[in-house]
Amino acid sequence: MEEEKIECTGKCYFVLLLALFQFMECGILLIVMLKCKVQGFFAYVLLDLILVMLCSIAIYFLLYWKNKKIVMSDNEIIYYPIIGKVRTYSWSDVKKYVMHQEVVVQKEELL
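Residues numbered from 1 in each chain as written. Predicted model: local features only at pLDDT ≥ 70, side-chain atom pairs only at ≥ 80, totals over all residues. Heavy atoms only, no water.

## Regarding the sheet that holds strand β1 (residues 6-9)
Thinking step 1. Taking strand neighbours across the sheet as the criterion, the 4 strands line up as β1-β2-β3-β4 in an open arrangement whose pairing is antiparallel. Two strands in the sheet have a free side with no partner beyond their single neighbour: β1 and β4 (87-90). For this sheet the average axis-to-axis angle between neighbouring strands, irrespective of direction, equals 15°.
Thinking step 2. As paired elements, β1 and strand β2 (residues 69-72) share 4 bridges and run antiparallel to each other. By the bridge assignment, C8 is partnered in β2 with I70.
Thinking step 3. Most of the contacts of helix α3 (residues 91-110) go to β4, to which it runs at about 70°, and overall it touches β2, β3 (76-80) and β4. (Pairing = 2+ DSSP bridges. Helix = DSSP H or I, 4+ residues; strand = E, 2+ residues; numbered from the N terminus. Axes fitted to C-alpha atoms, helices over the stretch in contact; angles between N-to-C directions. Contact = heavy atoms within 4.5 Å.)

## Quick notes on the packing of helix α1 (residues 13-35) against helix α2 (residues 41-67)
Between two packed helices, what matters for the description is the angle formed by their axes and the separation of those axes.
Thinking step 1. Where α1 meets α2, the axes come as close as 8 Å, and the angle between the chain directions of the two elements is 160°. Between α1 and α2, the angle is such that the two are roughly antiparallel. Read as a crossing pair, α1 and α2 show a hand that is left-handed.
Thinking step 2. Its residues assigned to classes, the contact of α1 with α2 shows 22 nonpolar, 1 polar and 2 charged. (Parallel < 35°, antiparallel > 145°, perpendicular 65-115°, else oblique. Left-handed = near helix turned anticlockwise from the far one by under 90°. Nonpolar A, V, L, I, M, F, W, Y, C, P; charged D, E, K, R; others polar.)

## Description of a nonpolar patch on the surface
Thinking step 1. A contiguous nonpolar patch, built from F42, L46, I50 and M53 and spanning about 410 Å² of accessible area, is present on the exposed surface.
Thinking step 2. Structurally, the position occupied by L46 is in helix α2.
Thinking step 3. Note on L46: relative accessible area 41%, which makes it partly exposed. (Patch = residues over 30% accessible without salt bridge, like charges linked within 9 Å, V, L, I, M, F, W, Y side chains within 5 Å. Areas by Shrake-Rupley, 256 points an atom, 1.4 Å probe, with all protein chains shown as cover. Salt bridge = Lys/Arg side-chain N within 4 Å of Asp/Glu carboxyl O. Buried < 20%, exposed > 50% of the residue type's maximum accessible area, 1.4 Å probe, protein only.)

## A few points about the packing of aromatic side chains
Thinking step 1. Enumeration over the complete set of coordinates arrives at 2 aromatic pairs.
Thinking step 2. Note on Y60 and Y64: the rings are 6.4 Å apart at their centroids and 35° apart in plane angle, and the pair reads as tilted. With Y60 and Y64 both in helix α2 and 4 residues apart, the pair spans about one turn of that helix.
Thinking step 3. By the ring-pair criterion, three or more aromatic residues cluster together here, those being Y60, F61 and Y64.
Thinking step 4. K11 extends its terminal NZ or CZ atom over the ring of W65, reaching a point 5.3 Å from the ring centre.
Thinking step 5. For K69, the ring lying beneath its charged end belongs to Y80, and the centroid distance is 4.7 Å. (Phe/Tyr/Trp six-rings, centres within 6.5 Å; stacked < 30°, edge-to-face > 60°. Lys NZ or Arg CZ within 6 Å of the ring centre and 35° of its normal.)

Below, the structure written as structure tokens:
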């Protein structure tokens, strides 16, 4: 019997549209920086920092859309983060964690 797997991904159009919107903002800011005369070193550095922040947000959304995934099967949960190593959890680990959280909540309610 083949093991059934359920896959949850970050691939939705909303995340992709957010990334494209952020890249459009980066392009508009870059055009403004190139066409307009920026007066003062502080203003130029500030515009560069804003450009870097907008581009990093856009890259984050693209990585989320491409890489984020959780695969659940009968025996384990596999978590694929945006960047980094893949983590594997067993259902028994999840049950132990849930039981521990329930005990903590009950103790807090008694206090």
